[in-house]
Amino acid sequence: MQDLISEEALRRRIEEVADEINADFAGADLLNLVVVLRGGCFFGTDLAKRLTMPCRLDYIRVTSYSGDKSSGVVSLMSDIRTDIRNQPVLVVDDIIDTGFTMAWILRYLDLKSPASVHVASLLDKPARREFEVPIHYVGFIVPNVFVAGYGLDGLDDRMANIPRIVAVEPTNEEARIPPTRERLPSLH
Ligand code: IMP
Ligand code: MG
């Protein structure tokens, strides 16, 4: 196990991501955060505390993962409880790996006719992408190794409470912050 992103770096970067969202959604009456359980829980909570517009927090739980590989099947274990019809939605997840889970969630939420859907993911592992998904807010780009901590489970299901992000396998690469992008035009 090897440290990849420190607690302090997580805190600082989440503040920056929150600033981007605050700017993009400035003046919004209500933003519906849909946090993807279980992995998105720490990020969703820490991010929500830094958002300045009124936020509704809801949770969706899906399984698509067993061991260190995506199984290729998504099951909905627990749906959101709030009505998101005609409302702006921000889906918050821990990591986009193959993109399969997020692609499924976006298709599913779209059936509920939200006004808009954006995606925030703490981590992005682009080397593994198989399904193109829009990710509007990314915390860190991580190398192609299995990572754990800060809500993400490791291989043995007992690493989620580590307060930083660790690489389960050794790597020479570092996590990096994506380049800053243009502000998104009026999102609400
Ligand atoms: P995807 O469908 O392949 O994009 O991955 C879906 C989910 O698998 C993510 O939301 C995570 O919850 C989990 N996952 C993917 N890669 C990792 C990892 O490196 N560590 C821990 N969980 C992961
Ligand atoms: Mg997840």
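All of these numbers come straight from a predicted model, not from anything done at the bench. (Residues numbered from 1 in each chain as written. Chains lettered and ligands numbered in written order. Predicted model: local features only at pLDDT ≥ 70, side-chain atom pairs only at ≥ 80, totals over all residues. Heavy atoms only, no water.)

1. Considerations on the packing of aromatic side chains
For the structure on display, the rule yields three aromatic pairs. When the ring of phenylalanine 100 is compared with that of phenylalanine 131, the centres are 5.1 Å apart and the planes differ by 55°; the resulting orientation is tilted. With a gap of 31 residues between them, phenylalanine 100 in helix H3 (residues 100-110) and phenylalanine 131 in the loop between strand E6 (116-124) and strand E7 (137-141) connect regions that are remote in the sequence. Here phenylalanine 131 falls in the partly exposed class, since its relative accessible area comes to 33%. (Phe/Tyr/Trp six-rings, centres within 6.5 Å; stacked < 30°, edge-to-face > 60°. Helix = DSSP H or I, 4+ residues; strand = E, 2+ residues; numbered from the N terminus. Buried < 20%, exposed > 50% of the residue type's maximum accessible area, 1.4 Å probe, protein only.)

2. A short note on the packing of helix H1 (residues 7-24) against helix H2 (residues 41-48)
Packing of H1 against H2 brings their axes to within 9 Å, and their N-to-C directions diverge by 60°. When the axes of H1 and H2 are compared, the pair comes out oblique. By crossing handedness, the relation of H1 to H2 is classed as right-handed. The segment H1 lies against H2, with Ile14, Val17, Ala18 and Ile21 engaging Phe43, Asp46 and Leu47. Here the contact of H1 with H2 is built from residues that sort into six nonpolar, no polar and one charged. (Axes fitted to C-alpha atoms, helices over the stretch in contact; angles between N-to-C directions. Parallel < 35°, antiparallel > 145°, perpendicular 65-115°, else oblique. Left-handed = near helix turned anticlockwise from the far one by under 90°. Contact = heavy atoms within 4.5 Å. Nonpolar A, V, L, I, M, F, W, Y, C, P; charged D, E, K, R; others polar.)

3. Structural notes on the nonpolar core
Of all hydrophobic cores here, the largest spans 36 residues; its most connected members are Ile5, Ile21, Leu123, Tyr137 and Ile165. Those elements that place two or more of their residues in this core are strand E1 (2-5), H1, strand E2 (31-37), H2, strand E5 (88-96), E6, E7 and strand E9 (165-167). By residue number, the principal contributor to this core is H1, which donates six residues. Beyond its immediate stretch of four places on either side in the chain, isoleucine 5 contacts Leu10, Leu123, Phe140, Val142, Arg164, Ile165 and Ala175. Counting 23 residues, the second-largest nonpolar core is a separate cluster that includes Val91, Ile96, Phe100 and Ile141. (Core = buried A, V, L, I, M, F, W, Y, C linked by side-chain atoms within 4.5 Å.)

4. So, the sheet that holds E9
Spatial strand order, E1-E9-E8: three strands in an open sheet with antiparallel pairing. Edge positions in the sheet fall to E1 and strand E8 (147-148), since each has one partner strand and no second. Inspection of the sheet shows E8 paired to E9 by two bridges, in the antiparallel sense. Its bridge partner being in E9, alanine 148 is matched across the sheet by valine 166. (Pairing = 2+ DSSP bridges.)

5. Things to note about the coordination of the magnesium ion (ligand 2)
The magnesium ion (ligand 2) binds to the protein through Asp93 (OD) and Asp94 (OD), with metal-donor distances spanning 2.5 to 2.7 Å. Exposure class is identical for aspartate 93 and aspartate 94. Each is buried. (Donors = N, O, S within 2.8 Å, 3.2 Å for Na, K, Ca; no water.)

6. A closer look at the environment of aspartate 124
Counting through the fold element by element, aspartate 124 comes out in strand E6. Looking at aspartate 124, the relative accessible area reads 9%, which means it is buried. A sequence separation of 26 residues divides aspartate 124 from threonine 98, and the C-alpha atoms of the two residues are 9.7 Å apart. Apart from the residues within four sequence positions on either side, aspartate 124 is in contact with Ile96, Arg129, Ile135, Val138, Phe140, Ile141 and Val142. A distance of 2.5 Å separates a polar atom in the side chain of aspartate 124 from a polar atom in the side chain of arginine 129. (Polar contact = N/O pair within 3.5 Å; in protein donor to acceptor, adjacent residues only side chain to side chain.)

Coordinates in, geometry out; function isn't part of it.
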